Amino acid sequence: QVQLVESGGGLVQAGGSLRLSCAASGRTFSNYAMGWFRQAPGKEREFVATISRSGGSTYYADSVKGRFTISRDNAKNTVYLEMNSLKPDDTAVYYCAARLTARIILIHSSEYDSWGQGTQVTVSS
């Protein structure tokens, strides 16, 4: 499995922006489809975005479409989540996840087999 470490979370006012990073190590990063999920207190973990191995295909949850952008730099073994126009409802722990697969769209947490420890994002109103 690949090891994942998220960073970039923090406290931001509504309407602001943050960029999360997820650094991978241990395996050939470009062989992994990547995803971002989030979990708010008292709620189930939910899908946010996913990106294919090459970065050529992306897919987003409706709740973040048009505001968030997932990208990856295979040379740096890193996947990013650019978050703009943040809302208080975006407050959650954000997790990155990886799956060794050629599949393009993976939106269920059960489809991933490696997870980071999470980074807290808090959006104040």
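For the structure, check the block above.
Just so it is clear, the model here is predicted, and its values are computed rather than measured. (Residues numbered from 1 in each chain as written. Predicted model: local features only at pLDDT ≥ 70, side-chain atom pairs only at ≥ 80, totals over all residues. Heavy atoms only, no water.)

All right, on to the state of the cysteines then. Enumeration over the complete set of coordinates arrives at 1 disulfide. The disulfide partner of C22 is C96, and the S-S distance across this bridge is 1.9 Å. Taking the sign of the torsion about the S-S bond as the criterion, the disulfide between C22 and C96, at about 45°, is right-handed. With C22 in strand β3 (residues 18-25) and C96 in strand β9 (residues 92-100), this residue pair connects regions lying 74 residues apart in the sequence. The class for C22 is buried, based on a relative accessible area of 0%. (Disulfide = S-S within 2.5 Å. Helix = DSSP H or I, 4+ residues; strand = E, 2+ residues; numbered from the N terminus. Buried < 20%, exposed > 50% of the residue type's maximum accessible area, 1.4 Å probe, protein only.)

A separate point is the side chain of T50. By the element assignment, T50 lies in strand β5 (residues 46-51). Among the polar contacts listed, one links the side chain of T50 to the backbone oxygen of M34, at a separation of 3.0 Å. In contact with T50, not counting residues within four places along its chain, are M34, G35, S57, T58, Y59, I70, I104, I105, L106 and Y112. (Polar contact = N/O pair within 3.5 Å; in protein donor to acceptor, adjacent residues only side chain to side chain. Contact = heavy atoms within 4.5 Å.)

With 7 of 9 residues buried, β9 lies mostly within the body of the structure. Here 8 bridges tie strand β4 (residues 32-39) to β9, and the two strands are oriented antiparallel to one another. Note that in β9 the partner of A33 across the bridge is R99. Judged from the 3 bridges that link them, β9 and strand β11 (residues 119-124) form a sheet pairing that is antiparallel. Counterpart to A92 in the pairing with β11 is V121. Bridge count for β9 against strand β10 (residues 114-115) is 2 bridges, and the pairing is antiparallel. Residue pairing for β10: A97 is matched across the bridge by W115. (Pairing = 2+ DSSP bridges.)

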